[in-house]
Amino acid sequence: METERITSRANETVKAVVRLRERAERERRRLFFCEGVHLAEEFLRHNRPVERVFVTDAALKAHGALLSKLGCQVTPVTPEVYAKLSEEKAPQGLLLVAPYPENISEHKPSVKRRCILLDGVRDPGNVGTVIRTAAALGVERVVLSRDCADVLACKTVRASMGAVLCADILLTADLAAEVCAIIKSGGAVYAAMLSGDAVTLSADSLPADFSVVIGNEGQGVRPDVAAVCTGCIRIPQTDRAESLNAAVAAAIFMWEMRKTDESVP
């Protein structure tokens, strides 16, 4: 349903959307926003509800058929108003406001034994890329400590290419407890570390069911989390670089998880 065109940057509805840039506001209202045609298509593909779409006249003309399939309120806005709403450098003129996806939770009824766990990973690009890779490679769950970049920040959603709408994502205030729960269920959890006593990643070094903790970009895995892990593991590399990017390291470990999981095609 198309609503009246918004022409003022001072409009209260526009201000309310802009406030969703703040994590506390997103959590309070249980809403988030993201931008672009691809993400609109991902909402349709995963059958996720959209509360409202803000769209420029040009985007409405180009993508009206797509927007009609979303079954939500469509609000045309001027380019000036869209510029106030948008966080993109090259916006496509299409912004979606949606409720929190049901696949993201702080409480999960069961424990998964093939997880990638993020310990204080702060960069939204890294978090989004890990979630996207996990969805692509069939990793059972992504577990994030509370101080990771917000999974529903616009930059994270964009980096995930919409995978935040389908991946099994657990947010936790106690990552060490989640590690212990996985181990208690029969899985193994390794802290990705560069320390000398870390096991070098290889096919022979991994059990059938294993998870990996990826630490903060600067500080690594916290000592209290590493202490409850099955052990430490590292990716063999040359001395030409000090370390790997967090998302790249996570991708390598997730590929090894896939290789040991016969259920994934």
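Refer to the structure presented above.
The structure reproduced in this document is the subject of the present report. None of the values given here were measured: they were computed from a predicted structure.

**Side note on the overall build of the protein chain**
Part 1 of the reasoning: Looking only at helices and strands, one finds 10 helices and 12 strands in the protein chain.
Part 2 of the reasoning: Computed over C-alpha atoms, the radius of gyration of the protein chain comes to 20 Å, within 12% of the 18 Å expected from 2.2 N^0.38 for 265 residues, which places it in the range of a compact globule.
Part 3 of the reasoning: Across its three principal axes, the protein chain shows a C-alpha extent of roughly 65 × 35 × 35 Å.
Part 4 of the reasoning: Going through the 265 residues of the protein chain one by one, you find that 49% of them count as buried.
Part 5 of the reasoning: For the protein chain, the proportion of contacts with a sequence separation of at least 24, taken over those separated by at least 6, is 79%.
Part 6 of the reasoning: Carbon and sulfur atoms form 51% of the exposed surface of the protein chain, whose accessible area is close to 12800 Å².
Part 7 of the reasoning: Across the protein chain, the mean location of the 33 positive side-chain charges is 4 Å away from that of the 34 negative side-chain charges.

**Some words on the sheet that holds strand β10 (residues 199–200)**
Part 1 of the reasoning: Pairing in this open sheet of 8 strands is parallel, and the strands run β5-β8-β7-β6-β11-β9-β12-β10 from one edge to the other. In the strand order of this sheet, the two ends are held by β5 (104–105) and β10, each with one partner.
Part 2 of the reasoning: Pairing analysis gives 4 bridges linking strand β6 (residues 115–119) to strand β7 (residues 141–145), with the strands arranged parallel. Note on β7: the bridge partner recorded for Ile 116 is Val 142.
Part 3 of the reasoning: Along the sheet face, helix α10 (residues 246–259) touches β6, β9 (188–192), β11 (210–215) and β12 (231–234) and points at about 175° away from the line of β11.

**Some points on the environment of Leu 144**
Part 1 of the reasoning: Mapped onto the elements, Leu 144 comes out in strand β7.
Part 2 of the reasoning: A residue is classified by how much of its surface remains accessible, and Leu 144, at 1% relative accessible area, is buried.
Part 3 of the reasoning: Taking the C-alpha atoms as reference points, Leu 144 and Val 127, 17 residues apart in sequence, are found 8.9 Å from one another.
Part 4 of the reasoning: If we skip the residues at most four places from it in the chain, Leu 144 touches Leu 118, Val 127, Ala 149, Val 151, Ile 169, Leu 170, Leu 171 and Thr 172.

**Comments concerning the packing of helix α3 (residues 37–45) against helix α4 (residues 57–70)**
Part 1 of the reasoning: Two elements in contact, α3 and α4, have axes whose closest approach is 10 Å; the angle formed by their N-to-C orientations is 35°. Crossing hand, α3 versus α4: left-handed. Two secondary-structure elements touch here, α3 through Val 37, Ala 40, Glu 41, Phe 43 and Leu 44 and α4 through His 63, Leu 66, Lys 69 and Leu 70.
Part 2 of the reasoning: Taken together, the residues of the contact of α3 with α4 sort by class into 6 nonpolar, 1 polar and 2 charged.

**Some details on the packing of aromatic side chains**
Part 1 of the reasoning: According to the stated counting rule, one finds 1 aromatic pair in the structure shown.
Part 2 of the reasoning: Where Phe 32 meets Phe 43, the ring centres are 6.3 Å apart and the plane angle is 25°; that geometry is what we call stacked. Placement of the pair is Phe 32 in strand β1 (residues 31–35) and Phe 43 in helix α3, with a sequence separation of 11 residues.
Part 3 of the reasoning: Judged by its relative accessible area of 2%, Phe 43 falls in the buried class.

**A look at the side chain of Arg 114**
Part 1 of the reasoning: Looking at the element boundaries, Arg 114 is found in the loop between β5 and β6.
Part 2 of the reasoning: Overall, the relative accessible area of 7% leaves Arg 114 in the buried class.
Part 3 of the reasoning: Only 3.3 Å separates the side chain of Arg 114 from the side chain of Asp 209, close enough to count as a polar contact.

**As for the pairing of strand β3 (residues 73–77)**
Part 1 of the reasoning: The buried fraction of β3 amounts to 4 of the 5 residues, a majority that puts the element mostly inside the structure.
Part 2 of the reasoning: Bridge analysis of strand β2 (residues 52–56) against β3 gives 5 bridges, and the strand direction is parallel. The partner of Thr 56 across the bridge, within β3, is Val 77.
Part 3 of the reasoning: Handedness of the β2-α4-β3 crossover: right-handed.

**Comments concerning the pairing of β1**
Each regular strand shows side chains that alternate between the opposite faces of the sheet.
Part 1 of the reasoning: With respect to burial, β1 is a largely interior element, 5 of its 5 residues being buried.
Part 2 of the reasoning: Covered by surrounding structure in β1 are Leu 31, Phe 33 and Glu 35 together with Phe 32 and Cys 34, the residues of both alternating faces.
Part 3 of the reasoning: Here β1 pairs with strand β4 (residues 94–99) via 5 bridges, running antiparallel. Its bridge partner lying in β4, Phe 32 is registered against Ala 98.

**Brief notes about α3**
Part 1 of the reasoning: Buried residues of α3: Val 37, Leu 39, Ala 40, Glu 42 and Phe 43, and no others.
Part 2 of the reasoning: Close packing links the buried residues of α3 with β1, α4, β4 and α7 (154–160).
Part 3 of the reasoning: In the segment just after α3, Asn 47 is the residue with positive phi, at about 55°.

Procedures and definitions
- Residues numbered from 1 in each chain as written.
- Predicted model: local features only at pLDDT ≥ 70, side-chain atom pairs only at ≥ 80, totals over all residues.
- Heavy atoms only, no water.
- Helix = DSSP H or I, 4+ residues; strand = E, 2+ residues; numbered from the N terminus.
- Rg over C-alpha atoms; globule rule 2.2 N^0.38 Å.
- Buried < 20%, exposed > 50% of the residue type's maximum accessible area, 1.4 Å probe, protein only.
- Contact = heavy atoms within 4.5 Å.
- Areas by Shrake-Rupley, 256 points an atom, 1.4 Å probe, with all protein chains shown as cover.
- Lys, Arg positive; Asp, Glu negative; His and termini not counted.
- Charge placed at Lys NZ, Arg CZ, Asp CG, Glu CD.
- Pairing = 2+ DSSP bridges.
- Axes fitted to C-alpha atoms, helices over the stretch in contact; angles between N-to-C directions.
- Left-handed = near helix turned anticlockwise from the far one by under 90°.
- Nonpolar A, V, L, I, M, F, W, Y, C, P; charged D, E, K, R; others polar.
- Phe/Tyr/Trp six-rings, centres within 6.5 Å; stacked < 30°, edge-to-face > 60°.
- Polar contact = N/O pair within 3.5 Å; in protein donor to acceptor, adjacent residues only side chain to side chain.
- Right-handed = clockwise from strand over helix to strand, strands pointing away.

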